[in-house]
Amino acid sequence: MFYSDKKLLLLYGFLEKHPFDRQRIAEHLEVSDRHLTRLLNLWHEEGMIEYKKGQGRGIHSEVVFKVNPEERFVNQFMRNLNKLTLSDIEETLNLPISEVSKKVIKEKTEILLYQRPVKEKTKEKKNVFIDYMDAIPDRATEGNHRYLQSEHLLYNTMCRLYDLNDEGAVKNGLVAFDEWHGDRLRIYIRKDIQFYNGDILYASDIAESLTRYLNTYSNDLLEEIIQSIEVVSAFQLEIATAYRTDLLKPMLASLEAGIHKIEGYHVLTTGPFYIENYEQRCVTLLRNPYYMNPAGDLEKIKLVNDINQYVPYLNQKNMETRSIPLRNRIEYVLLNPHSDSLDYHQRLYVLSVIQKFKDAYIKGPGKIEQRVFQEYQERLPPGQDPMQFAKPLKLLCIDWMSFGTDPLVQFLIENDVPVLTTYISSDDYHNMDLNALEIDMLLASEFIPSSYRYLYLFKNAKFSGWFRENQLAKDMVHVYKNKSKEYWTYMENQFNSHLIGGAYVMPITYASKRINVPESFKNIWSSAFGVIDYNQIIVVESGEAKQEDLHNGGGVS
């Protein structure tokens, strides 16, 4: 049973109490001297230890451990739990491992035996959902993650230390409990979380993942705040900060901070699904058999960017198209504050025309109610005379706006706002620098939770390109980094008044996503991150659906 890992664990336990003695080690591991040499060389080559061979009889040799042998052994145990006998489990509990590891093994064994057996993989997958996406990035776990299609992958495959509730405020995710000790945040992580291959999620995995996140993403808001991430025990870690700040938790709740472990070419994740196959035109997700909060029925998801792969799915019987509102994701018009083609009165007129467009064309639950923006209403009187424009306004449109851009462009032209429109793909949009483009208006879609509104706009959105050098914006970033949350709302309201007073922005609608699904697929909705939560989708069999209709008062005519 995990012969090599068991011997490594025994070696670790011996060397914690005794100096290196080849003969005594061989006896403790119950191997010959020659076999011990082979094991030491094997572990050294595989990067588990650094073996510094001494002279003579080896009394000066040294072993430096590059991995945690106990965590490694427990993970191997979890990967093979389905295949073990009760005697194997009893033997494991008698090994020199900590009480914490013994408790984890007992709990997982009880779950396997009495509660939730882990299903073996089957060749045929039922309850398959195929979703059409824009071009899929080269890697979903590297580089710039602010692609809507990457966000679907990140949300549905990775868990985070902290999550967002429906209003976009922070709540615990992988964190069971946390507390500040001066400028250090002590985090106690849940002990029931496993990667999709069965490995236990340890504090060391989180520390390595967060270190990759900090090294990969340049972020002005977190710059100079996190000083170190230290593992305290198997399920505890501490984040040392330059000063205590409320900014830390919402930043660790971002999708880019999703926890993952890299083993060779594999990215191991703990979310409800994991990536089985990753290609430019198709990403395949499978259900994580160890996910502790399964809610829905989907077993397999394909995200495709090839119409030839998508058409056969569309041609199935009983298919229907639904429009799913994407929570906390807003589509809006942004006017360039540095444009020479627009003065204040012209900006105000353009926004008044867009307001009329909203009233005429934006209907249903996606419409942003006017009462939310009463300050605009005070500045946008009805019947305003048309303004004169010296030249057409340059409008940049993202090609995946949910309400369609052509009707808005036509409406602007019909109301004496001349525009030259350029359409841009989502890929190009996320790679561009707004300041490098000579445009007057931007039609954008961004994740803007009602809590921490401008925190996310300045962190991720193109919005920051035009406004980050504004002194009020700089003051707000300073408040985010150095003041408690009670001050944030005041500064956000100040900045909001600046945007409204200058007629720079007009929210149009909450974004939505059109999907095609069998009529048996129910409970399809967006997460607080503005992406489809595949874990919630329920598949209702035809018999169940009929019973549900009868229960609701329906019948057959």
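Overview of the structure. It should be emphasised that the depicted structure is a prediction, and the values quoted were computed from it without experimental measurement.

Quick look at the sheet that holds strand β7 (residues 184-189) now. As a general point, the strands of a sheet are linked pairwise by backbone hydrogen bonds and lie either parallel or antiparallel. Here four strands make up an open sheet; going across it, the order is β6-β7-β9-β8 and the pairing antiparallel. One side of each edge strand has no neighbouring strand; the edge strands of this open sheet are β6 (175-181) and β8 (226-233). The sheet shows a mean angle of 20 degrees between the axes of neighbouring strands, taken without regard to direction. Both β7 and strand β9 (residues 236-241) contribute to a ladder of five bridges, which runs antiparallel. Bridged to Y188 within β9 is Q236. Relative to the sheet, helix α8 (residues 203-216) contacts β7, β8 and β9, its axis offset from that of β8 by approximately 165 degrees.

Quick look at the sheet that holds strand β18 (residues 441-447) now. On the basis of which strands lie adjacent, the open sheet formed by five strands has the order β17-β16-β18-β15-β19 and mixed pairing. Looking at which strands have only one partner, the edges of the open sheet turn out to be β17 (419-424) and β19 (505-518). Each neighbouring strand pair of the sheet contributes to a mean axis angle of 30 degrees, computed without reference to strand direction. Sheet topology note: the strand β16 (residues 393-398)/β17 ladder contains six bridges and is parallel. Its bridge partner lying in β17, L396 is registered against T422. Contacts from helix α13 (residues 406-414) reach β15 (319-335), β16, β17, β18 and β19 within the one sheet, and its direction differs from that of β17 by about 170 degrees.

Time to look at the pairing of β15. As a general feature of sheets, a regular strand has side chains that alternate between the two faces. For β15 and β19, the ladder comprises 12 bridges, and the chain directions are antiparallel. If you follow S323 over to β19, its bridge partner there is R514. Looking at chain direction, β15 and β18 are connected through seven bridges and run antiparallel. When the sheet's bridge partners are listed, R329 is paired in β18 with F447.

When we look at a pair of aromatic rings, we describe it by the centre distance and by the angle of the planes. For the coordinates displayed, the defined rule picks out 18 aromatic pairs. A connected cluster of aromatic rings, assembled from ring pairs, spans Y454, F467, F495 and Y504. K483 extends its terminal NZ or CZ atom over the ring of Y487, reaching a point 5.6 Å from the ring centre.

The rules behind each value
Residues numbered from 1 in each chain as written. Predicted model: local features only at pLDDT ≥ 70, side-chain atom pairs only at ≥ 80, totals over all residues. Heavy atoms only, no water. Pairing = 2+ DSSP bridges. Helix = DSSP H or I, 4+ residues; strand = E, 2+ residues; numbered from the N terminus. Axes fitted to C-alpha atoms, helices over the stretch in contact; angles between N-to-C directions. Contact = heavy atoms within 4.5 Å. Phe/Tyr/Trp six-rings, centres within 6.5 Å; stacked < 30°, edge-to-face > 60°. Lys NZ or Arg CZ within 6 Å of the ring centre and 35° of its normal.

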